[in-house]
Amino acid sequence: MARAPHRSLVATAEGPIRFTALERAVTGISRRMLTLTLRNLERDGLLTRTVHPTVPPRVEYEITPVARELYETLLRLTDWAERHRTTIARARVAYDAERAPSA
């Protein structure tokens with residue numbers, strides 16, 4: 001469940017999204033946990049929640065400028081990790097080989 005805030009944030013990055021669309025996009029989380037996560041993200045200033053006066057009410061979530069900055073930072077971090085994945089893997093193999101106990 002620790003990854004739910006990240007997934008919720010990513011799901012809202014493309015623009016306003018309705019709760020039901022979020023529920024489909026963020027798999028592996030209960031409706032209650034998604035609701036609590038969205039409330040916490042709103043409380044932290046990372047999401048805005050808009051209730052449209054329709055029957056039934058239509059609720060949309062959108063990321064704030066602060067969350068947009070966080071999202072872009074996460075994208076840069078994951079891009080860096082992807083670009084350097086093989087370099088890190090090679091370094092680990094070399095490190096382990098140097099420190100392997102002699103038989």
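Here the structure is a predicted model, which means the values were calculated and not measured. (Residues numbered from 1 in each chain as written. Predicted model: local features only at pLDDT ≥ 70, side-chain atom pairs only at ≥ 80, totals over all residues. Heavy atoms only, no water.)

### Topic: the pairing of strand β3 (residues 58–63)
Here comes step 1: Going residue by residue along β3, you find Val59, Tyr61 and Ile63 tucked away on one face and Arg58, Glu60 and Glu62 left uncovered on the opposite face.
Here comes step 2: Inspection of the sheet shows strand β1 (residues 17–18) paired to β3 by two bridges, in the antiparallel sense. Pairing of Arg18 across the sheet is with Glu60, part of β3.
Here comes step 3: In sequence, strand β2 (residues 47–52) turns back onto β3 through a hairpin of five residues. (Buried < 20%, exposed > 50% of the residue type's maximum accessible area, 1.4 Å probe, protein only. Helix = DSSP H or I, 4+ residues; strand = E, 2+ residues; numbered from the N terminus. Pairing = 2+ DSSP bridges.)

### Focus on the packing of aromatic side chains
Here comes step 1: Inspection of the entire model under this criterion finds zero aromatic pairs.
Here comes step 2: Directly above the ring of Tyr95 sits Arg99, whose terminal nitrogen or CZ lies 3.7 Å from the centroid. (Phe/Tyr/Trp six-rings, centres within 6.5 Å; stacked < 30°, edge-to-face > 60°. Lys NZ or Arg CZ within 6 Å of the ring centre and 35° of its normal.)

### Topic: the side chain of Thr64
Here comes step 1: Tracing the backbone shows Thr64 in the loop between β3 and α4 (65–83).
Here comes step 2: Classification of Thr64 as buried rests on a relative accessible area of 12%.

### Some thoughts on the nonpolar core
Here comes step 1: Core analysis: the largest hydrophobic core is formed by 17 residues, its most contacted members being Leu22, Leu34, Leu38, Leu47 and Tyr61.
Here comes step 2: Where this core is concerned, the elements lending two or more residues are α2 (19–25), α3 (31–43), β3 and α4. (Core = buried A, V, L, I, M, F, W, Y, C linked by side-chain atoms within 4.5 Å.)

### Describing the pattern of salt bridges
Here comes step 1: Within the structure shown, the criterion is met by five salt bridges.
Here comes step 2: Between Glu23 and Arg31 there is a salt bridge whose closest N-O contact spans 2.8 Å.
Here comes step 3: Where Arg85 meets Glu82, a salt bridge forms, and the shortest distance between an N and an O atom there is 2.7 Å.
Here comes step 4: For Arg85, a relative accessible area of 51% translates into the label exposed.
Here comes step 5: Glu82 sits in the partly exposed class, given a relative accessible area of 49%. (Salt bridge = Lys/Arg side-chain N within 4 Å of Asp/Glu carboxyl O.)

### Focus: a nonpolar patch on the surface
Here comes step 1: Side chains of Leu77, Trp80 and Ile88 sit close together on the surface and give an oily, nonpolar patch of about 290 Å² of accessible area.
Here comes step 2: For Leu77, the position within the fold is in helix α4.
Here comes step 3: A residue is classified by how much of its surface remains accessible, and Leu77, at 53% relative accessible area, is exposed. (Patch = residues over 30% accessible without salt bridge, like charges linked within 9 Å, V, L, I, M, F, W, Y side chains within 5 Å. Areas by Shrake-Rupley, 256 points an atom, 1.4 Å probe, with all protein chains shown as cover.)

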